[in-house]
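Topology and contacts: notes
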Amino acid sequence: MENTQSSFGFRFDNTFSRELDGLYAHWKGDEVAHASMVKLNKQLAKELGLDIEALDSEQGAQIFAGAKAPQGAEPLAQAYAGHQFGGFAPSLGDGRALLIGEIVDQNKQRRDIYLKGSGRTPFSRGGDGKAAIGPVLREYLVSEAMHALGVPTTRALAAVTTGQKIMRNGFEPGAVLTRIAASHIRVGTFQYFAARQENGKVKRLADYAIKRHFPEVEESESKYLGLLRAVIDRQTALVAKWVSIGFVHGVMNTDNTTISGETIDYGPCAFMDAYDPAACYSSIDRYGRYAYANQPHVLVWNLSRFAETLIPLIDEEDQGKSFRLAGDEVTKIPAQYNFYWLAEMRPKLGLSNTQDDDRALIENLLKIIDGNSIDFTQLFRNLADAARGNADKLNAMFADTAQIESWLATWFTRLKHEKVDLQQVADKMDKVNPIYIPRNHLVEEALAAATNDLDFEQFHKLLEVLTNPFNQRGDWQKYDGPAPKAFGEYITYCGT
Ligand code: AMP
Ligand code: MG
């Protein structure tokens, strides 16, 4: 990685590097054969105050490949550990990624600039430090789709190919993703130092996380308990959002659980077509640990691991008390999750005020669709149409319409408590229920063209559709439905 004399608009202010010595290794990206820009997210680049013209160039591609560093960058690989599928891995870390630096964006938010696939680091273990074009574009598509759906997430700033072939399923084109995040501090970052009983470092990290993400906690009586509460709150709200849109993260390991509450590390993730609580697509998740309906339970598990790392800090004099206080917070998570889940689901059914039976109404709908191959995304748009007086598409989803008709009658009675008429209810529903989500068959099609032929046309088209998820377009019909039967059962793979 060679330093350039130009900043490209990056005005770095690298607090992690400056303040957290000992929690990372300074490192550099590999040289690349021929970096070529696949996609630069110009809107995001603008938000970050970057020099778009300068970056949309061969030099820009070199920067996003990790081969050149813009002025002021201080690339480093972060240390972290993590529970992977329940087993503790004490030493993971950025094995193929670099934090290039931080900038404060136009909204005064501090953001990490981070490269994934830029070469081996001291944390690479047996890995090659690289990323293949398919997974890079998958993360690009899905993270940008999530953002458009209003879900807290890391963002994609750029995707480049490196001109190298890397070994995956045979040789595949190498690529690098530039990712933007509120930070890359993970539950696993805390675990790395907690497991080594380096409590001084855990404390420095906790103080840093508070200052960066939760400054309001600084004033509270027990700030580390405040940190725990704040992270629980963000993560719980996040998982409720995932569940409300049918998203399955796929690898909810603690190293993929952020302190900021942003979705991170889109590996074997997928949106379900048909509603199925057991939906699980990852080839290595043989027992369905990270299945769709298990996500709220894994959330509690992951946050318990976070709580454990803070016990030495909460009450340094009285560890028994620390343990009890942290335990109390963890115990409250399921109720908090239920609160957020209801808050997400209500507007999906056009419910803007609160009635006692709302939860039962929603749960009854889910019971009716369970096991009936009902497309989860289309269901809510078809319900809005039913509210407009046209239940044809809704009825066509069911072999036997008796149950849904009876449910509709209850829903219509409930909607009388709304202050607006049914047409307005339906219009409001359409603003929160997407038409276009990253359908697995479409994502796979786009990635296959990119991998096999370096043909990015489908990727660009799909990205355009996914970043406009709520407004129906006549010429986008191909994008609005589930996979054809011939697509078969969907399986995703790790090791990207
Ligand atoms: P992930 O499954 O992508 O969340 O990664 C889990 C761990 O494996 C992290 O420490 C990664 O940095 C590391 N890792 C994943 N792929 C590679 C690779 N190709 N080379 C080196 N390390 C990797
Ligand atoms: Mg990860």
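From a predicted model like this one, the values you see are computed outputs, not experimental measurements. (Residues numbered from 1 in each chain as written. Chains lettered and ligands numbered in written order. Predicted model: local features only at pLDDT ≥ 70, side-chain atom pairs only at ≥ 80, totals over all residues. Heavy atoms only, no water.)

Turning our eyes to something else, we now look at the site of ligand 1. Inspection of the region around ligand 1 gives 16 residues, with Gly93, Gly95, Arg125, Asp128 and Gly129 positioned closest. Taking Gly129, its main chain carries an N or O atom lying 2.8 Å from a nitrogen atom of ligand 1. Asp265 is positioned with one of its side-chain polar atoms (N or O) 3.5 Å from an oxygen atom of ligand 1. The protein chains hide 81% of the 480 Å² of surface that ligand 1 would expose on its own. Residues belonging to the shell around ligand 1 are distributed by class as follows: two nonpolar, seven polar and seven charged. (Near = heavy atom within 4 Å. Polar contact = N/O pair within 3.5 Å; in protein donor to acceptor, adjacent residues only side chain to side chain. Areas by Shrake-Rupley, 256 points an atom, 1.4 Å probe, with all protein chains shown as cover. Nonpolar A, V, L, I, M, F, W, Y, C, P; charged D, E, K, R; others polar.)

On to the coordination of the magnesium ion (ligand 2). Distances from the magnesium ion (ligand 2) to its protein donors, Asn256 (OD1) and Asp265 (OD), fall at 1.9 to 2.2 Å. As far as burial versus exposure is concerned, Asn256 and Asp265 are alike and both buried. (Donors = N, O, S within 2.8 Å, 3.2 Å for Na, K, Ca; no water. Buried < 20%, exposed > 50% of the residue type's maximum accessible area, 1.4 Å probe, protein only.)

Using the criterion set out here, one finds 19 aromatic pairs in the structure. With a centroid separation of 5.7 Å and 90 degrees between ring planes, the pair formed by Phe16 and Tyr208 is classed as edge-to-face. Of this pair, Phe16 sits in helix α1 (residues 15-19) while Tyr208 sits in helix α7 (residues 199-213); the two residues are 192 residues apart in sequence, bridging distant segments of the chain. Residue classification places Phe16 among the buried residues on the basis of a relative accessible area of 1%. Of the residues examined, Tyr208 reaches a relative accessible area of 4% and is grouped as buried. The rings of Trp242, Phe247, Tyr266 and Phe271 are connected pair by pair, giving a single aromatic cluster. Cation over ring: Arg196 sits above Tyr192, and NZ or CZ is 3.6 Å from the ring centre. Between the NZ or CZ atom of Lys348 and the centre of the ring of Phe380, over which it lies, the distance is 4.4 Å. (Phe/Tyr/Trp six-rings, centres within 6.5 Å; stacked < 30°, edge-to-face > 60°. Helix = DSSP H or I, 4+ residues; strand = E, 2+ residues; numbered from the N terminus. Lys NZ or Arg CZ within 6 Å of the ring centre and 35° of its normal.)

So, about empty space enclosed by the protein. Applying the stated criterion across every chain yields a total of five cavities of 30 Å³ or more. By volume, the largest cavity amounts to about 70 Å³. Together, Gln235, Leu238, Val239, Trp242, Met252, Asn256, Thr257, Glu262, Thr263, Leu299, Asn302 and Leu303 line the largest cavity. Only α8 (223-245) and α9 (295-314) provide two or more residues apiece to the lining of the largest cavity. When residues in the lining of the largest cavity are grouped by element, the largest group, four residues, is from α8. Lining the second largest cavity, in full, are Arg138, Val142, Phe247, Cys269, Ala270, Phe271, Pro438, Asn440, Val443 and Tyr490. Elements represented by at least two residues in the lining of the second largest cavity include exactly α5 (133-148), β14 (270-271) and α17 (440-453). Of the residues that constitute the lining of the second largest cavity, the class distribution is eight nonpolar, one polar and one charged. Of the domains in this structure, domain 2 (187-342) and domain 3 (349-496) are the two that each give at least three residues to the lining of the second largest cavity. (1 Å grid on protein atoms, 1.4 Å probe; cavity = no way out; pocket = protein on both sides within 12 Å on 5 of 7 lines; lining within 4 Å. Points joined across faces, edges and corners; volume = space filled by probe spheres on them. Domains from an automatic or database assignment.)

Further remarks concern the domain arrangement of the protein chain. Often, the extent of an interface is quoted as the loss of accessible area on bringing the components together. Under the domain assignment, the protein chain is made up of domain 1 (4-181), domain 2 (187-342) and domain 3 (349-496). Here the C-alpha centre of domain 3 lies 33 Å away from the C-alpha centre of domain 1. If you look at the interface, domain 1 gives 22 residues, while domain 3 gives 21 residues. Counting each side, the surface lost to burial between domain 1 and domain 3 is near 1800 Å², with a carbon and sulfur contribution of 78%. Three residues, Arg138, Leu141 and Leu149, lead the burial of domain 1 against domain 3; their summed loss comes to 32% of the area buried on that side. Scanning the region where domain 1 abuts domain 3 turns up one salt bridge. (Contact = heavy atoms within 4.5 Å. Buried area = accessible area lost by both parts, 1.4 Å probe. Salt bridge = Lys/Arg side-chain N within 4 Å of Asp/Glu carboxyl O.)

Moving on, we get to the pairing of strand β8 (residues 97-104). Within β8, seven of the eight residues are buried, leaving the element largely enclosed by the surrounding structure. Sheet analysis places β8 next to strand β9 (residues 110-116), joined by seven bridges and oriented antiparallel. Within β9, the residue paired with Glu102 across the bridge is Asp112. Hairpin connection of β8 to β9: five residues between the antiparallel strands, including Lys108 at a positive phi of 70 degrees. (Pairing = 2+ DSSP bridges.)

Bringing the side chain of Arg381 into the picture now. For Arg381, the position within the fold is in helix α13 (residues 376-387). Taking relative accessible area as the criterion, Arg381 reaches 13% and is therefore assigned buried. Every residue in contact with Arg381, bar those within four places of it in the chain, is listed here: Asp430, Asn433, Pro434, Ile435 and Phe470.

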